[in-house]
Amino acid sequence: MANKSTLIKLYCSANGVDNVDFRSDVRLVDHSDGTGVHIEHWGLSISEPTDEQLASYETAANTEEANNQVRSTRRTAYGDIGEQLDEIYKDIDAWKARIKSIKDNNPKS
């Protein structure tokens, strides 16, 4: 199940709002009562989504979250950009092979 914040970001993007600040625009709360995360404050110019509207983004949100994990894993595996530049200078073909291996081992959805 996707995070409520990811669902909200996708809903907002589909409705013309590309930036959402979860400190001022939208605040989420979990009362730890088993009902999950709820919207406590909605300060955007578009209407607050219903649960049904957010649910329609579930598949896309799951894909986005999976791809974010892949991006994070790849960033760590790529290493420091300075070291990569040194690696490219010394042997660009070895660098290409290493990057390809990282991408092949961590495919996006």
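This one's a predicted model, so the numbers in the text were calculated from it and none came from an experiment. (Residues numbered from 1 in each chain as written. Predicted model: local features only at pLDDT ≥ 70, side-chain atom pairs only at ≥ 80, totals over all residues. Heavy atoms only, no water.)

**Examining the overall build of the protein chain**
Scanning the protein chain from terminus to terminus reveals five helices and two strands. Counting from the amino terminus, helix and strand elements in the protein chain follow one another as α-β-β-α-α-α-α. Against the 2.2 N^0.38 benchmark of 13 Å for 109 residues, the protein chain shows a C-alpha radius of gyration of 19 Å, more extended than a compact globule. Its C-alpha atoms give the protein chain principal-axis dimensions of roughly 55 × 25 × 25 Å. (Helix = DSSP H or I, 4+ residues; strand = E, 2+ residues; numbered from the N terminus. Rg over C-alpha atoms; globule rule 2.2 N^0.38 Å.)

**What about the packing of helix α4 (residues 81-90) against helix α5 (residues 92-105)?**
With their axes 5 Å apart at the nearest point, α4 and α5 run at an angle of 130° to one another. Compared by their axis directions, α4 and α5 come out oblique. Contacts between α4 and α5 pair Q84, E87, I88 and K90 from the former with I92, A94, W95, R98 and I99 from the latter. Across the contact of α4 with α5, the residue classes break down as five nonpolar, one polar and three charged. (Axes fitted to C-alpha atoms, helices over the stretch in contact; angles between N-to-C directions. Parallel < 35°, antiparallel > 145°, perpendicular 65-115°, else oblique. Contact = heavy atoms within 4.5 Å. Nonpolar A, V, L, I, M, F, W, Y, C, P; charged D, E, K, R; others polar.)

**Here we look at unusual backbone geometry**
Within the chain, S32 stands out as a residue other than glycine whose phi angle is a positive 55°. The class of S32 is exposed, set by a relative accessible area of 68%. (Buried < 20%, exposed > 50% of the residue type's maximum accessible area, 1.4 Å probe, protein only.)

**Some words on the pattern of salt bridges**
One pass over the full model with this rule turns up six salt bridges. The partner of E64 in a salt bridge is R71, with the nearest N and O atoms 3.9 Å apart. D86 is the partner of K90 in a salt bridge, and the nearest nitrogen-oxygen pair spans 3.0 Å. Pair noted here: K90 and D86 are both in helix α4, with a separation of four residues, about one helical turn. (Salt bridge = Lys/Arg side-chain N within 4 Å of Asp/Glu carboxyl O.)

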